[in-house]
Amino acid sequence: MKKKLSIFFVLLLVASMVLAACGGKKEEDKTANEGEKPAQEAPAKEQVLNLLETSEIPSLDSTLATDSVSFRVMNNVFEGLYRLDQNNEPTPGMAESYEVSEDGKVYTFKLRDAKWSNGEPVTANDFVYAWRKALDPNTGAEYAYIMYDIKNAEEVNTGKVPVDQLGVKAVDEKTLQVELKNPIPYFLSLLAFPTFYPQNEKFVKEQGDKYGLEANTTLYNGPFVLSEWKHEQSFQLKKNEQYWDAQTVKLETINFNIVKDVATGVNLYETNKADRVGLSAEFVDKYSSDKNFKTKSEPVLFFIRMNQKNEVLKNVNARKAIAMGFDKEAMVATILNNGSKAANYFVPEGFVTGPNGKDFREENGDLVKFNAEEAKKYWEQAKKELGKDKVTLELLNYDSESAKKIGEFLKEQLETNLPGLTVNIKQQPFKQKLDLESKMQYELSFAGWGPDYQDPMTFIDMFVTNGAHNQTGWSNAEYDKLVQDAKTTLLSDLQARWDAMVKAEKILLDEAVIAPMYQRGAAYLEREYVKGIVDHPFGPDNSYKWAYIE
Amino acid sequence: MARYTLQRFIYMLITLFIIATATFFLMKLLPGSPLQNQEKLSPEQQQIILEKYGLNDPVPVQYIRYLGNLAKGDLGVSFQYDNRPVTQLISDRIGPSAQLGFQALVFGTIVGILLGVIAAVRHNTAIDYTATILAVLGISIPSFVFGGLLQYYIGVKLKLLPVAFWEGFEYTIMPTLALSVFVIASIARFMRTEMLEVLGSDYILTARAKGISGFGVIFKHGLRNAMIPIITILGPMAVNLMTGTLVIEQIFAVPGLGEQFVRSINLNDYPVIMGTTIFYSALFILVIFIVDLLYGLIDPRIRLAGGKK
């Protein structure tokens, strides 16, 4: 018996050695890789950037990706016809130049001499193939709708016409012609969106199911290539020597490690293992006076949706009372504390400038500010009109850390500022919240919206009558007409179109269809030697093309 | 023995089938869809995509299809990681989780047993009380607190060990320690209780009377008998540890399986929910079987084949 027992322990020992050996092997691989690194041509600083990413890369297939992690990686290893530059203006990428027809509907792009990372040229067919694939209903692409401005795109995506009817064609190897349904003014910046990236048909078909799943089953045409991908652990970008603008790219290597815990990220930053790290609210106080502390504002807006099927919320005075009845400044200062801004508007600040060169916010300014006294007046008026003294409303919320705190804050504020109001919080998983909203089974809900393209319309058209994302039951003929005109007749007069959208936003908030809360911000630490990482307002968040180490 | 094993194997398959079925139908009760971009899609657009994945079919049809694929060993592809096979998703991540779990288990068991035995032998002395206090602390301090403290003091302040990542043995030390605290504490408590009982029994007295040395009595006669309940808790503990622990893996940025299960439920990633559940259950059932076999190995009085009908 003793023997058997000792055999058991010996087995344990052997197994532990085998496992330990596995760990050791990984390390050997790593040192081998390091040994292969090309000798530096002795610049002032080694051009290596160490970053953290919050999750494994969900997808490298540009037609399927939907999330910010995939988009961030893809923006740096792929390139569309255009990409956003340091000023967030579209700058030619795979395209060299374009011509547009007089009616603004037909774009003809001349492609530059660019190569895929296997040396094959990037051709017009690569775009035709990728775009058709994205819209093919058999692909199940969740961002297919972003292409609906192309002629027949929606029809293709809903299976009404075959994919070859899509308004995109390769005139020759280096000429791509795109026909639009409407002459949208933001088409070039839209082309920077990942769904519009090209794919090399031959390579994709060779890889089959494996395309985009590993570093070597993907082909790159961007400033960097994905040189290593250890799932759930780390990945590495290396400068793409085949890239057409390789001379601009200074970074040789970007190492990404996957770290999901904010505190861990901060500890790694402290021990110089990461050059840039995102902060959550609890770390902001500790670091807000640090010289490397930075915040950025993002064009993502959070607001309260109000369901007008509810008899109280059908009353415009009740809605106004709610929209004015909570202290947004206190909300962003005490709960979020990360560069988020109190929002008295719907179209975010610093997101888009009009034909007159003005930011959209300069046009409309603050439309609905916190004002406890005004709110109370509207509320009393509403109660009188409704013939009610006590009102109970349910706030549909979801289970994120900040949403929970904000829900509590709203309840306390609204109940204090609007006498006779009781707010009950109904907390649901995020997906269930979305479901309930779209079925309009809620009263108040905690909602958010970020842009899909660089135009106020990505916000404004949400609230047209019966729009898929309206979800409030609100309907206003004048608003609908402004949106409709801005999408059609006014496309020939961009200033008038801009003015129409400005007017629409004013109507939306005059009627208090929603109660804006805040525009999202993000706080982070960035080492002083890191320069030139560009943040973008829509689509992928970052470009490293212009980044360098000083 | 062979007959017993076969019988158990069939029971194991049936158990697995029941678990898979229950999970499948419960999972379909989860609200929401597996779409990643749900808030941006209109209901019509959602339908196009659900249709593509066969999610508009009645649940029983989906269930039969799933079982058919499962029988072929196909666990499907993930939604959150577009088109990545679930089997690959699990096999990519199980290595680090298993290694950490295993190290924590071995280290925790050895230290736990030692601590428990010492406490029992030095019953009601300062050593016993210290060991007991340590055990209570170990059980009650959550591993994320312990992990966070280790990381901060040993990694950031003293710079003795790397803060996080997964690049070699030294990277496994802190997560192993953090994970093993609970193991040490549980085993030590069990061991102490069992050992006290065993040491008080007649055959130990006999052994002592025959003049066997104190050390011999404790390890030859005492320990083996006291091990039975330890083996019982060790099995499930091993599965829990080796399939990955959400919190410790997050704190030390270990590329393990721990988070996948929770994440897949939050995201309604049906194939991953099913895949991880089946994997976890299969492992669990297997370990219970091994534990049953081990009983016989450690205590000849429990003989599986011995109980002839």
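About the thresholds
- Residues numbered from 1 in each chain as written.
- Chains lettered and ligands numbered in written order.
- Predicted model: local features only at pLDDT ≥ 70, side-chain atom pairs only at ≥ 80, totals over all residues.
- UniProt positions renumbered as here; feature names shortened; annotations may be inferred.
- Helix = DSSP H or I, 4+ residues; strand = E, 2+ residues; numbered from the N terminus.
- Rg over C-alpha atoms; globule rule 2.2 N^0.38 Å.
- Buried ≥ 20, exposed ≤ 12 C-beta atoms within 10 Å, placed from the backbone.
- Contact = placed C-beta atoms within 7 Å.
- Pairing = 2+ DSSP bridges.
- Axes fitted to C-alpha atoms, helices over the stretch in contact; angles between N-to-C directions.
- Domains from an automatic or database assignment.
- Nonpolar A, V, L, I, M, F, W, Y, C, P; charged D, E, K, R; others polar.
- Core = buried A, V, L, I, M, F, W, Y, C linked by C-beta atoms within 7 Å.
- Parallel < 35°, antiparallel > 145°, perpendicular 65-115°, else oblique.

- An unreviewed UniProt entry annotates chain B as ABC transporter permease of Anoxybacillus flavithermus.
- Per UniProt, chain B has the following entry under Sequence similarities (unreviewed entry): "Belongs to the binding-protein-dependent transport system permease family."
- Looking at the Subcellular location (unreviewed entry) heading of the UniProt record, one finds this comment for chain B: "Cell membrane".

- You'll find chain A entered in an unreviewed UniProt entry as Periplasmic oligopeptide-binding protein OppA, with Anoxybacillus flavithermus given as the organism.
- As stated in UniProt under Subcellular location (unreviewed entry), the record for chain A gives "Periplasm".
- Regarding chain A, the UniProt comment filed under Sequence similarities (unreviewed entry) reads as follows: "Belongs to the bacterial solute-binding protein 5 family."

1. Considering the overall build of chain A
- Helix and strand counts for chain A come out as 18 helices and 21 strands.
- The globule rule puts the C-alpha radius of gyration for 550 residues at 24 Å, and the 26 Å found for chain A is close to it.
- Seen through its C-alpha atoms, chain A measures out along the principal axes to roughly 80 × 75 × 55 Å.
- For chain A, the residues scored as buried account for 45% of the 550 residues in total.
- Taking all contacts inside chain A whose residues are at least 6 apart in sequence as the whole, residues at least 24 apart take part in 67%.

2. A closer look at the overall build of chain B
- Per the secondary structure count, chain B includes twelve helices and zero strands.
- Reading the secondary structure of chain B in the N-to-C direction produces α-α-α-α-α-α-α-α-α-α-α-α.
- Along the longest, intermediate and shortest principal axes, the C-alpha atoms of chain B span 85 × 65 × 30 Å.
- Every one of the 309 residues in chain B was classed for burial, and the buried ones make up 39%.
- Within chain B, counting contacts between residues at least 6 apart in sequence, those at least 24 apart form 73% of the total.

3. What to know about the sheet that holds strand β5 (residues 106–111) of chain A
All names here are of chain A.
- Sheet architecture is open: four strands sit in the order β4-β5-β7-β6, paired in antiparallel fashion. One side of each edge strand has no neighbouring strand; the edge strands of this open sheet are β4 (95–100) and β6 (168–172). Between one strand and the next, the sheet's axes are offset by a mean angle of 25 degrees, whatever the strand orientation.
- Bridging between β5 and strand β7 (residues 175–179) involves five bridges; their strand directions are antiparallel. If you follow Thr-108 over to β7, its bridge partner there is Gln-177.

4. A word on the domain arrangement of chain A
All names here are of chain A.
- With domains assigned, chain A is organised as domain 1 (46–274 + 526–547) and domain 2 (295–520).
- Computed from C-alpha atoms alone, the centre-to-centre distance between domain 1 and domain 2 is 32 Å.
- At the interface, twelve residues of domain 1 touch twelve residues of domain 2.
- Across the side of domain 1 that touches domain 2, the residue classes tally to eight nonpolar, three polar and one charged.

5. Brief notes about the nonpolar core
- Core analysis: the biggest nonpolar cluster contains 133 residues, and Val77(A), Trp131(A), Ala188(B) and Met191(B) have the highest contact counts within it.
- Looking at this core element by element, the count peaks at 17 residues for helix α7 (residues 169–199) of chain B.
- For Trp131(A), the contacting residues outside a window of four places in its chain are Met147(A), Leu166(A), Val168(A) and Phe196(A).
- Ranked by size, the runner-up nonpolar core spans 67 residues in total, among them Leu313(A), Val332(A), Val423(A) and Ala504(A).

6. So, the packing of helix α9 (residues 214–242) of chain B against helix α12 (residues 270–298) of chain B
Residues and elements named next belong to chain B.
- Orientation of α9 relative to α12, taken along the N-to-C sense of each, is 170 degrees, at an axis distance of 9 Å. When the axes of α9 and α12 are compared, the pair comes out roughly antiparallel. Side by side, α9 and α12 meet where Arg-224, Met-227, Ile-228, Ile-231, Thr-232, Gly-235, Ala-238 and Val-239 of the first sit next to Leu-283, Phe-284, Val-287, Ile-288, Ile-290, Val-291, Leu-294, Tyr-295 and Ile-298 of the second.
- Considering only residue class, the contact of α9 with α12 consists of 14 nonpolar, two polar and one charged.

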